Each structure stands twice: as structure tokens, then as C-alpha cells.
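Chain and residue survey
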Amino acid sequence: MNQPNKAPEQFDAVIVGAGFSGLYMLRRLRQLGLSARIFDSADDVGGTWYWNRYPGARCDIPTTDYAYSFDPGLEKDWAWSEKYATQPEILDYLRFVADRYGLRSGIDFSTAVLSARWDTQDRLWTIQTDRGAQVRCRYYIMASGCLSAPKSPDIDGADRFAGQVYSTSRWPHEGADFTGQRVAVIGTGSSGIQAIPVIARQASRLTVFQRTPNFSVPARNGAASADRLKQLADDRDAYRHAARWSRAGMPVEPTDILGVTASDAVRRERFEGAWEQGELFAILGIFADQGINPASNDIVAGLIREKIRSAVNDPQTAEALCPKDHYFGTKRPCLDTDYFETYNLPHVQLVDLRSQPITSITEHGIDTVGESFDFDAIVYATGFDAMTGALTAVAVTGRDELSLKEKWAAGPSTYLGLMTAGFPNFFMVTGPGSPSVLSNMTVSIEQHVDWIAGCLAYLAGEGLETIEPTALAESGWDQHVRDCAAITLYPTANSWYMGANVRGKPQVFLPYIGGVDTYRRACDDVVAQGYLGFRLTGPGGERCRDGVIRSMQPDVALVLEAMAEMGLPALETLSVADARALMVASAQTRPPAPEVGEVTDAVMPGPGGDLPYRLYRPAEPEGPHPVVVYFHGGGWVLGDLDSDDPLCRDLCARSGTVVVSVNYRHAPEARFPAAALDAFAAVQWVHANASALGGIGGQLAVAGWSAGANIAAVACQLARDAGAPLIAGQLLISPVVDSDLTRPSYAENGDGYLLTTALMRWFWDHYADQADRADVRAAPLRGDLRDLPPACILTADYDPLRDEGMAYAAALKASGTPARHVRARGHTHTSITMVGVVISGAPLRAQLGQALRDFFPPGGHSSSKPHFLA
Ligand code: NAP
């Protein structure tokens, strides 16, 4: 109990955890002149390396990199004995660090923090420990680790077993002697895979209970990599800098080789190289697309399975050890020493729980369906309540009695993985929403600790006392974290990254997968923008620059970066011929377009001569199909049948319609209204020839992108005015619908996102005289919008044309024309059309495909009221 009348001790900061994070945090705070105290339930430093002392425990990031880098002197004075250090050596290292910097005096060992409560009045946290002490602090910092709260054994009868019970994450300090014992190991994650070969050396019989086989790569432990040592010796600072600005916190040369297009020889060579290297980030980076493209991932996974089959003598056991239910990397892969070979020992047996599930643990051992096993010892290697378990284990109460557990009931929500709204001055080191477990932890820990220290120094310097993220900034970051994960294969696995290993835990992708470099830049940008998205308060008042730090789709941002690096000239600075040539050249580098049933090129008559068209017929269902007349983008000046070919294929395959892509006349050779008249003529011709084209008579829609959407919209108005043909719907993708270049989206997005204000001006100048630009056939927004075909209009956030597209959707609705608006969140004018390149565009194109289907009611009759609005 807290002693009566004794005021609680007060610190500037309380830190929970004396592992890698807590130790460095304490040092940094002391350097700032702040008072700080660490609480840790262990009786020594070490954090995860204090508890996880099971046989075979080692790090799986090379020791050249799995160490502090904040002090070159420390690096000089400590020499690792191996490429991958054992747990005792890592613990010795952390003890050495604690002693070197005199940190022990700031740590209360054998003391667990039970609760933390924010006092709004005093702007202080009150911390309650299990030793009765209450302390108060301005800043409460959880340095409690991502993999520190063990998952409780969730197997029936677990408490019944009368023999010895061990857990890899809470191993006894005196060790365990399995000599002559019959031992069971449950779990084949990193811990199990490291422990199994070592336990097998002692046990008289070892039975491994495996639920999910895991990918594992030989660690090839031994001396540290000569190459890495040389790089460090040559230029230590450059090496550390490269690590901090790398994708995963280790200098690894990124590749742009795609698994899907590499030759068999290249695939094999790259794989064997990584296999020999024995480093996780090497095998995770064989191909640039292995984390996002199933076909590429299958190549790597297949080659690893080949290795497993060749290592394990018994084919049935080998097959059971081959992971087949998840993509490589989507569950944390393991590094091992002789793991698969261990199953060749006569006293080691694998029990595949998929075919032979455990029914119960008994007094004497384990019962499975069909077989009972007796054991002297059971070892649980069943993992952790990862990333959130240790944070919510403390009863944290923020402003307005908000509990962290309740706030995170549907999954954690954070700003930068560092803080969470409603909990002022509460920091997390490597919290959910930061790269953490997907990176070299030591680099990520140092970055977080440095950021927090920089923040506290800033607050002190500005006379401020509290900091808390805004709801807007936090939801923006959460969305960005989800967007980054969504374009990868990672969320498809039942992994602890997803919270899938803990019964009842909400399934969301917990870490930030956008990369250590990208993440660091975001954190730095937040600071550079005056702590964007944080509310800061002090005696002098409050300040807040609210906003979202990243809202562009991550793959769109990558494409923009890549294009900026190419240094291509701005199209509007070129002659029309050169601009067209550049468009054609860049189209050659596209990945293969989606397959459709049939593609044919032909011509149709037009008002100024024959118009080439390309017809795409879907592979299924069997025809006849509804027909969509499509017009390509390119500002009425550029583009042709090839330019929008991938998009047409994609729309055809997704919608099950025949798509007729028409190459209308271009400016400046044929200026306004040639393109619009061609479009209307094409619609009339396709309508008249629908059956011959394999279409269903009367089931006709129009579609287009950009300037193509402009003439598609105009064709709808012309058809309405002419009384025919009847058009079932208009799909307008980022349409030009007006010639007013002063809308806010021009100011916001007119520079830097490929389609610029200058380029739009160039297009208009080539297409139409000033006097014609208000003509409804150039600016359909200015026309009569009544009685038009139902519309689906997509607008992109980072598009100068965004506002006119939205205005068109609103105006159509106001005129009684049904209109659906699809917002392409985080996209640019062009990104939605980058089929096979911008993965985040695929769900949007799925919506467009569905919109086309919805134009045509299932009964086969065209209607002015589409299915989706019915
Ligand atoms: P883990 O990866 O979550 O593995 C737990 C294992 O136990 C899985 O095979 C899991 O099967 C199995 N399991 C869980 N509950 C079970 C049940 N009720 N019945 C049967 N099997 C059950 O945990 P971990 O091995 O402790 O590793 C966690 C993470 O810690 C690693 O991914 C790694 O990031 C880190 N770690 C690193 C090192 C290192 O640096 N070398 C060493 C150890 C751990 P399912 O897959 O079917 O759920």
C-alpha cells in the first residue's frame, strides 16, 4: 500500500521496460536533464532477452546490425563473437550498456506497472506499481517491447499435465535438463524452430506438435559477415546512415528484378545467393515483387519447399513441413540451425496437427485424434500477444476516463505508432503503426527514442507541457498504415502481424509496412511542419497545426518518385510529335495487360473519314454481351488505341462487356468539335451494328478517361438531344467537363502529379479556340443535364480535374440524372489507369467494372434507371 501522508515521488518521465528501448530512452532523457525512472518486472535489464532464455535462443538479425549505434565508442568497446549472438551474449551486452552509462540507478527492478492514469487538472500521469508505490510523472513512456506478453496456452487440459511444463518466453534461469526425457514441443514459430534442434540433442524422444509449417532459412551462423565488417571498418558512419535510411533497418541493396519476368536462371541464381547468405532480409528481397505479387512469391516459396524436401529424408514428414497455406514472408520467416535435418533423427517425430489435432492435454501427456502420447516435459513455444499485449496489460486511463483497452477494442489506433489520441504525453516505443517488428528492431528503437527525446526537448524549449495527436491526424495515419498493407500479400496470412494468433483479438495489420526509410521521413516531416497533427499545450495556451501527414496511396507515391527520378521533360514543353512519341515510348515499359477473350482491330466510318477501333470481347460469360464504347485519354491531342489498352482490357474483363475503343480524330490536326462529333458518330455506328459486334441490341453504354470522358459525356448529351440512340449509362473516369482552370483542385494539384495546370492549358490551346470553350460540346458541365443516362463518375484526390468531376456528378444529380460518385482516395489523374503497376487502383477499377455491369439490368433490357440505383 502507498504510505499515507507521503506525497508520491514525481519524475519528468516514467519508462516501462528495461530492454533495448527503455535503456536508451533513459540515457536520452538524462542527457536532456530530465528526471526519469524505469520500472521492470524482471530482476535485471534485458527485456525480451531477459525472459526468452530457451535453449538455442539467438537473434535473427546479424550482430553487426543488431546493436545500438548511438555511440561509436560503445561499438568499439564491444565485440560480438558470432554472426548471430546467443541470448546470454545479448543479455551480457545489455548489462554492459546499463553499467557503461550508469543506468541501473534509474531502474526499479522486480516492479511491474499495474496502471497509469492521466490527471487533466495537474497534467500528470499517476503510475501504480505492484510494489505499492505510486509515482507521478509528466511523460509516460511504454518501452515494453512488441513480443513480450506471452500468449496463454489455449489448449484444453493444459493445467492437468503432471510433468514439467516450460514456456520458451519464460524459461527458468537455472535452465532445463532434458537428458533421457520424453519431450513435447508445441509450436513451430521462430522460438520453436530455434529450440527444437537443441532439445533434440538431449531428449531421449522429441515429439513436435506443428499446427502451421513455417518457412525457415539456414542461419549459417559462424563468424560475422566479412563483407559487413569491412563496410563498417571502412566507413562506420556511412554504414549506419544507410541502415537508418533503408527499407528494413539494414543496408541491403534493393533489387528491381521482378520474379514474374526474370528468367529461370536468374531466379535460381538470386535464390541460391540469398539461401547461402543466411540473412532474413536477403531472402525477403530476392525479387522486388515477391511481397506483392502472388506469382513471384510462389517462385520463392516453391524453391524453399524444394530445399525442405531435399533436407528431410522421410517424404511424408517433408511434405508436412512444407508451408503451403501462406505466402512466404507473410508470417515471420525463421532462421534456423539444422531445423529440418533434426527430423531425420530416429528419436524425433513430427505430429501434424492439421491432420491429427490435439484433443486434450492429459496428466501424462497429449491426446490427439487417434493417438495418445506420454511425456516427461511439455515445452510451449506458442508465441505472444504481439504488439498490443504489453501495452494493454497496463490499465491505462487517459483523458475523460478513456481506457486504452476500450479505445483499442477494434484494433489499435495510433499516430505514427508513437502516440494515441486521448492519452496526452503517453508515448510508445515501436508501437503498432510503426515499422517495428518488420524491421531491424534496434534501428527502429533508436529512431523512436530519438524522436521522443527530440519532442520532449522541443516542448521544454517552447515552454509547453502536453502533446497529443488529433483525431484527424491519427485516423489519417491509421488509414495510411492500412493502405500500405493492402497492396501487399501480408494481410492474407493468419499471422501474429494480423493478431490472428490470439483468440478474439481484432484482426488488423499491426505494423507499418511502408519501410523504415519512408517512415523516418514521415516522422521528420511531422516535426518539420511544426508537429503537424499534434495539439500542444502549455501555460501560454494551445497550438495545433492539424492535418494528415500521408494521404497519397503508397504505390502512387512510389510511381511519382520513380518518374521524377527519370527526369522526363514536361509534355507541354515538347512539340506535339515529340509528346506523342514520349507517350508511345513510355507505354512500352508497361507490364503485360490482363487477358481477355478476343481482341480485334478494325475501322468504322466517321464524319471525317474512317475511325480505327479495337474491340475487346470478354472470355466469359458467353456472348452476346452489352457493349461499351470507350474513348481514350490524352487531352484530345495524345493517345491512341494502344495508350489505354490495359485499362480497356481490365474494364472488359471486370464488367463482362464488349468494349469498343475508338480512336477519334486528334487536335491540333482536327480541332474542336471534331473529337466530340466522332464520339457521337461512333456511338451511333456501334448502336446500329451491335449484333454484328457480338453485342446485345439496345444494351449500350459509353465510357472514357480524361478528355475521352469529356467526349463520352458530350456524346450522351448529343444522343439525348437527337432522341437516339438510347444510352444505358456513362462511365466517366477523371473527366474534363469544363474549361474553367480556376477551381481549387487546380490550385491544389496543378503541379507535381503528372497532369499539371500547364499541361491542361496546352491541351485546351491545341483543342479549342477561347470562344469555343464555353460550348457545351467542349464543356458539358455547362449544358442541360436533364434526362441524361445514369452516370458513374470517378474523381481522384490529387487531380486538377477533381472539382469539375465532382461538380458534374452533383449537377447531374441536381438535374434528376442518377449519378454515382467514386472517390479515388489518394490517387492522381493517371494512377487509376496504371493497370498492373498501381495495385491500389485495382479495387477502384473493380468498382468501375461493377458500375458498367449495373448499367445493364440482369433481365437484358436497357433502362434509364440502372440496377445499382433501382
Ligand atoms: P510464433 O511465431 O507466434 O509461433 C507460435 C507457434 O505456436 C506457431 O507455430 C503457432 O501455430 C503455434 N501455436 C500457437 N498456439 C497453438 C495451439 N493452441 N496449438 C498448436 N500450436 C499453437 O511465436 P514465436 O515462435 O515465439 O515467435 C514470435 C516472434 O518472436 C517471431 O516471429 C520473431 O519475430 C520473434 N522471435 C525472434 C527470434 C529471433 O530473433 N531469432 C526468436 C524467437 C522469436 P500457428 O502458426 O498455426 O498459429
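All of the points below concern the structure found in this document. (Residues numbered from 1 in each chain as written. Predicted model: local features only at pLDDT ≥ 70, side-chain atom pairs only at ≥ 80, totals over all residues. Heavy atoms only, no water.)

Of the regular secondary structure elements, the chain holds 26 helices and 29 strands. Taking 29 Å as the expected radius of gyration for a compact globule of 870 residues, we find that the chain reaches 31 Å, a close match to that expectation. Overall size of the chain, expressed as C-alpha extent along the three principal axes, is 90 × 75 × 55 Å. Expressed as a percentage of its 870 residues, the buried residues of the chain come to 58%. A sequence separation of at least 24 residues applies to 74% of the contacts in the chain between residues at least 6 apart. Accessible area of the chain: about 33,600 Å², with a carbon and sulfur share of 51%. Taking the average place of the 76 positive charges on the side chains of the chain and the average place of its 100 negative ones, the gap between the two points comes to 3 Å. (Helix = DSSP H or I, 4+ residues; strand = E, 2+ residues; numbered from the N terminus. Rg over C-alpha atoms; globule rule 2.2 N^0.38 Å. Buried < 20%, exposed > 50% of the residue type's maximum accessible area, 1.4 Å probe, protein only. Contact = heavy atoms within 4.5 Å. Areas by Shrake-Rupley, 256 points an atom, 1.4 Å probe, with all protein chains shown as cover. Lys, Arg positive; Asp, Glu negative; His and termini not counted. Charge placed at Lys NZ, Arg CZ, Asp CG, Glu CD.)

A word on the packing of helix H15 (residues 441–462) against helix H17 (residues 516–528). Contact geometry of H15 with H17 gives a least axis separation of 12 Å together with a crossing angle of 0°. Here H15 is positioned roughly parallel relative to H17, judged by the angle of their axes. Across the interface between the two elements, Val443, Ser444, Gln447, His448 and Trp451 of H15 pack against Val516, Tyr519, Arg520, Cys523, Val526 and Val527 of H17. Of the residues belonging to the contact of H15 with H17, the class tally is 7 nonpolar, 3 polar and 1 charged. (Axes fitted to C-alpha atoms, helices over the stretch in contact; angles between N-to-C directions. Parallel < 35°, antiparallel > 145°, perpendicular 65-115°, else oblique. Nonpolar A, V, L, I, M, F, W, Y, C, P; charged D, E, K, R; others polar.)

Once that is clear, we can look at the environment of Ala453. In this fold, Ala453 is placed in helix H15. Residue Ala453 is classed as buried on the basis of its relative accessible area, which comes to 1%. Note: C-alpha distance between Ala453 and Leu844 (391 residues apart in sequence) is 41 Å. When sequence neighbours within four positions are dropped, the list of residues in contact with Ala453 reads Met25, Arg28 and Leu32.

Another aspect to go through is unusual backbone geometry. Of the consecutive residues Glu620 and Pro621, the connecting peptide bond is found in the cis state with omega at -5°. Structurally, the position occupied by Pro621 is in the loop between strand S23 (611–617) and strand S24 (625–631). Along the chain, Ala667 connects to Pro668 via a cis peptide bond; the corresponding omega equals 0°. Looking at the secondary structure, you find Pro668 in the loop between strand S25 (658–662) and helix H21 (674–688). One non-glycine residue, Met387, adopts positive backbone phi at about 70°. A positive phi angle, near 55°, is found at Thr430, a position not held by glycine.

The subject of this paragraph is the state of the cysteines. Across all of its chains, the model carries 0 disulfides by this definition. In this model Cys322 remains outside any disulfide bridge; the closest cysteine sulfur is found in Cys334, 14 Å from its own. Free cysteine: Cys652, not disulfide-bonded; nearest cysteine sulfur from Cys648 at 8.9 Å. (Disulfide = S-S within 2.5 Å.)

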